[in-house]
Amino acid sequence: MPGALLANRLRCRQCLLLAWVAATSVAEGASANSAPVAAVTQAAPGVFVHIGALEDWGAANGGDVANTGFVVGSRCVAVIDTGGTPAVGQALRAAVELATPLPVCYVINTHAHPDHLLGNVAFAINPGSDPAPPQFIASARFSRTLAAREPYYRNALQRDFGIALGPAAIIYPTLAVDSALDIDLGDRVLTLQAWPTSHTDNDLSVYDRRTRTLFASDLLFVQHLPVLDGSLRGWVSAMAVLKRLAVATVIPGHGPVSQDWPAVMDAQGDYLNGLLQDTRAAIWNRLTIAQAIDRIGMAPASRGPATNWLLTDRFHRRNVTAAYAELEWEEDEPAKASEPPRP
Amino acid sequence: MNTSTPLAVGRRSGLRRSAAGCAAVCAVLLFALGSAARAEIQTGDNPEASPIWQKVRASLFQSRPIAIATDEVVSLDVPVRAEDAAIVPISIKTRLPQTAPRHIDKLYVVIDNNPSPISAIFQFTPLSGRADIETRVRIDEYTHVRVIAETSDGQLHMATRFVKAAGGCSAPPGKDAQAALATLGRMKFRIEDEAPGATAGQPAGGQPVLAQLMISHPNNSGLAMDQVSRLFTPPHFVRQVRVTYGGQLVMSADIDFSISENPNFRFYFLPRGDAELKAEVVDSNDLRFESSLKYRRPE
């Protein structure tokens, strides 16, 4: 594919466009021009949200499983996550263009999972008279993690969706957040915060000061079982810090928007703390990882009434696996192990 | 095992050739799956037909016959689905007595559709007591997982299982690259038999004793591409583990990045009086780590 190689080398706008067209034409046949518009609602004035399906990332839902959104200032727009395929990103872009004539100046990636970022390419070029591309922003640890996983995401996209991405169709950040960053959209400031390893090692939350709206991304799962791909102890610590924020409206990474802050985090807290206790107990009792995966159920009596989590078959055993691999390195004394480090 | 083919099958030479060489090889294996192969790969029918297995087989065993293993010789326990692509527990159990005249000499672990299919070669001796091994591997793709037991008189027995890939955001690299590097080389080494969950009571004299070795190491595949230089980072993984008891070999493992981050091995040894159980680990950067413990045989 000489065209693809050229795009790889030059990374120019035209080539990005070519890569994008190549990607979408595989995904949607010849109908790239009639891309659908993502359904969005206003969670707060100027804060638009698209709610993804409460399902695993896959062809059945077109990869549209993560919540995405955008915030409109007086000067420009910030997009928060872009969805699980280029087509999902394109639909979100269409929703932005329907909501406002202002250009997209920032695309924020909350973490390096495919269901949240593979739509980036739809925002790589701005149309109209001022076609400067937006800044792509993510945690400072995002790029390394995405680079390590990119081949596997491409493989999964090909295998499960039949989508072959061009070499330049996975967009990396142009601006990295070490700890915190304020961005101004014109009379509207968003505060971006990078977190110590929690859901992943590169979580980034977005807070709109004007409406006290928090895009918690995958630091918060509602209804969809939380998925651990970072550090269980880190996540529990991050939740304790998150709870102290003044939040009127929260947009989780998966699940419905809520005004019930911080109570909306309780179910996730119960699950993660239960997972922590049960996995530690399994390790102290010298269960092997395979035994722990088989025996640690969703809702032991010690954990109170079970929440009606979705996708437990898909993710609970995986969470036990990750929790065990993390916690088996703790010192053996329970006293030491029970105090997670504060971020 | 000095064969070298373009397919990372003669992996000792292949992996060490150069990072770029590995990258090319891995990329071919990862992405060479056409749509026909994709359909076939999800079913797991006909394990013998796997083209990668055919190459691995020719490289490791030439035309020697390989029997289908019965549980009386060797069995392989892996989950049907790789829940977390980065950490898939596997357990290999053997039933042949490890006697000097005839015992299990080697266990080969082959994961057909991994970037480097020959994932581990374990060696045992009569002093192992029992040629069992438990560890954790990376599995991103629908694949056959195989264990081939080679007895000291040269017979081969193979057990095969099919594992479904994890989906979505699950991927073989580790969870926290920075944290993994910070603790590189740390080890936890212990005897398992005091454990309430393991074999009940103290082991009787002359019985094999279960030990667990944990090695903190990122065990990187080196598949990640630097976004500025467009070069692949070099792989960095544990390549050999040797465990001796009283100076004599009880288990060795030649491994690579198919083994999960923080390699973990559970294996047996046969205690003889009071002696030191010692683990020596070498990684692909020739870093060496050691851990040992005294084991007093119960009266």
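Residues numbered from 1 in each chain as written. Chains lettered and ligands numbered in written order. Predicted model: local features only at pLDDT ≥ 70, side-chain atom pairs only at ≥ 80, totals over all residues.

### Considerations on the overall build of chain A
Okay, step 1: When helices and strands are tallied, chain A shows 10 helices and 12 strands.
Okay, step 2: For chain A, the residues scored as buried account for 53% of the 343 residues in total.
Okay, step 3: Partitioning the intrachain contacts of chain A with sequence separation of at least 6 by distance along the chain shows that 71% fall at a separation of at least 24. (Helix = DSSP H or I, 4+ residues; strand = E, 2+ residues; numbered from the N terminus. Buried ≥ 20, exposed ≤ 12 C-beta atoms within 10 Å, placed from the backbone. Contact = placed C-beta atoms within 7 Å.)

### Let's talk about the overall build of chain B
Okay, step 1: Across its full length, chain B carries 5 helices and 15 strands.
Okay, step 2: When contacts within chain B are restricted to residue pairs at least 6 apart in sequence, those whose partners lie at least 24 apart make up 69%.

### Remarks on the environment of F61(B)
Residue and element names in this part refer to chain B.
Okay, step 1: With respect to the helices and strands, the residue F61 is situated in helix α4 (residues 51–61).
Okay, step 2: Spatially, the C-alpha atoms of F61 and Q212 are 30 Å apart, while their sequence positions differ by 151 residues.
Okay, step 3: Not counting residues within four places of it along the chain, the set of residues in contact with F61 comprises I66 and L156.

### Structural notes on the nonpolar core
Okay, step 1: Counting 169 residues, the largest nonpolar core has V77(A), A78(A), V79(A), I108(A), L107(B) and V147(B) as its most contacted members.
Okay, step 2: Element by element, the count of residues in this core is highest for helix α5 (residues 142–161) of chain A, at 9 residues. (Core = buried A, V, L, I, M, F, W, Y, C linked by C-beta atoms within 7 Å.)

### Focus: the domain arrangement of chain A
All names here are of chain A.
Okay, step 1: Segmentation of chain A into domains returns domain 1 (2–264) and domain 2 (270–337).
Okay, step 2: Every contact between the two is made by 13 residues of domain 1 and, on the other side, 16 residues of domain 2.
Okay, step 3: Here the residues of the side of domain 1 that touches domain 2 are counted per class, giving 8 nonpolar, 3 polar and 2 charged. (Domains from an automatic or database assignment. Nonpolar A, V, L, I, M, F, W, Y, C, P; charged D, E, K, R; others polar.)

### As for the confidence of the model for chain A
Residues and elements named next belong to chain A.
Okay, step 1: Here chain A shows a mean pLDDT of 87. Residues at 70 or above account for 82%.
Okay, step 2: Low confidence marks residues 1–32, where pLDDT is under 50. Its contacts with residues over four positions away, or in another chain, come to 51 contacts.
Okay, step 3: Overall, residues 335–343 carries pLDDT values under 50, and its contacts beyond four positions in sequence, including any with other chains, amount to 14 contacts. (pLDDT = per-residue confidence, 0-100.)

### Quick notes on α4(B)
Residues and elements named next belong to chain B.
Okay, step 1: Those residues of α4 that sit buried are I52, W53, V56, R57 and L60. One side of α4 holds all its buried residues, which, seen down the axis, span an arc of 130 degrees. Residues of α4 that are exposed and point over 90 degrees away from its buried face: P51 and Q54.
Okay, step 2: Contact partners of the buried residues in α4: β4 (104–111), β5 (118–124) and β7 (143–151).
Okay, step 3: Q62 lies just past α4 and shows a positive phi near 45 degrees. (Arc of directions from axis to C-beta.)

### Brief notes about the confidence of the model for chain B
Residue and element names in this part refer to chain B.
Okay, step 1: Looking at chain B as a whole, its pLDDT mean stands at 82, while 77% of the residues score no less than 70.
Okay, step 2: When the criterion is pLDDT under 50, residues 1–39 qualifies, and its contacts beyond four places in sequence or with other chains add up to 51 contacts.
Okay, step 3: Between residues 195–202, whose pLDDT stays under 50, and residues either more than four places distant or in other chains, the model counts 15 contacts.
Okay, step 4: What the predictor reports for the complex is a pTM of 0.86 with an ipTM of 0.85.

### Focus on the interface of chain A and chain B
Frequently, the measure chosen for interface size is the accessible area that the parts lose on association.
Okay, step 1: Taken together, the 38 residues of chain A in the interface contact 35 residues of chain B.
Okay, step 2: When contributions to the side of chain A that touches chain B are tallied by element, the ones reaching two or more residues are α4 (114–117), α5, α8 (289–295) and α9 (312–327) of chain A.
Okay, step 3: When residues in the side of chain A that touches chain B are grouped by element, the largest group, 11 residues, is from α5(A).
Okay, step 4: Along the lines of polarity and charge, the residues of the side of chain A that touches chain B split into 14 nonpolar, 11 polar and 13 charged.

### Some words on the pairing of β4(B)
All names here are of chain B.
Okay, step 1: For β4, a buried count of 6 out of 8 residues is recorded, marking the element as mostly surrounded by other parts of the structure.
Okay, step 2: Alignment of β4 against β7, held across 7 bridges, turns out to be antiparallel. The residue bridging Y108 from the neighbouring strand is I148, located in β7.
Okay, step 3: Taken together, the 5 bridges between β4 and β5 define a ladder with antiparallel strand orientation. Note on β5: the bridge partner recorded for Y108 is I121.
Okay, step 4: As consecutive antiparallel partners, β4 and β5 are separated by 6 residues. (Pairing = 2+ DSSP bridges.)

### Some remarks on the sheet that holds strand β2 (residues 74–77) of chain B
Hydrogen bonds along the backbone pair up the strands of a sheet, which may run parallel or antiparallel.
All names here are of chain B.
Okay, step 1: Reading across the sheet, the 6 strands line up as β2-β3-β6-β13-β10-β9 and stay open at both edges, with antiparallel pairing between neighbours. One side of each edge strand has no neighbouring strand; the edge strands of this open sheet are β2 and β9 (187–191). Ignoring which end each strand starts from, the neighbouring axes of this sheet average 15 degrees apart.
Okay, step 2: Bridge analysis of β2 against strand β3 (residues 88–94) gives 4 bridges, and the strand direction is antiparallel. Bridge pairing links V74 to T94 in β3. (Axes fitted to C-alpha atoms, helices over the stretch in contact; angles between N-to-C directions.)

### What about helix α3 (residues 86–99) of chain A?
All names here are of chain A.
Okay, step 1: Between its terminal C-alpha atoms α3 stretches 20 Å, which fits the 20 Å expected from 14 residues at 1.5 Å a residue.
Okay, step 2: In terms of burial, α3 is largely enclosed, as 10 of its 14 residues are buried.
Okay, step 3: Among the residues of α3, P86, A87, V88, G89, Q90, A91, L92, R93, A95 and V96 are the ones counted as buried. (Expected span 1.5 Å × (residues − 1).)

### Brief notes about the pairing of strand β10 (residues 204–208) of chain A
Residues and elements named next belong to chain A.
Okay, step 1: For β10, the tally of buried residues reaches 5 of 5 residues, placing the bulk of the element in the interior.
Okay, step 2: With burial as the criterion, each face of β10 is covered, one bearing L204, V206 and D208 and the other bearing S205 and Y207.
Okay, step 3: Inspection of the sheet shows strand β9 (residues 189–194) paired to β10 by 5 bridges, in the antiparallel sense. Its bridge partner being in β10, A194 is matched across the sheet by L204.

### What about the sheet that holds strand β11 (residues 238–245) of chain B?
All names here are of chain B.
Okay, step 1: An order of β1-β8-β7-β4-β5-β12-β11-β14-β15 is seen for the 9 strands of this open sheet, with the pairing classed as mixed. Since the sheet does not close on itself, it has two edges, and those belong to β1 (67–68) and β15 (288–295), each with one partner.
Okay, step 2: As paired elements, β1 and strand β8 (residues 156–163) share 2 bridges and run parallel to each other. Within β8, the residue paired with A67 across the bridge is H157.
Okay, step 3: Along the sheet face, α4 touches β4, β5, β7 and β8 and points at about 155 degrees away from the line of β4.

### Some words on unusual backbone geometry
Residues and elements named next belong to chain A.
Okay, step 1: Along the chain, W261 connects to P262 via a cis peptide bond; the corresponding omega equals -5 degrees.
Okay, step 2: One can find P262 in the loop between β12 (249–254) and α7 (266–284).
Okay, step 3: Positive phi, close to 70 degrees, is recorded for L311, a residue that is not glycine.
Okay, step 4: In this structure, L311 sits in the loop between α8 and α9.

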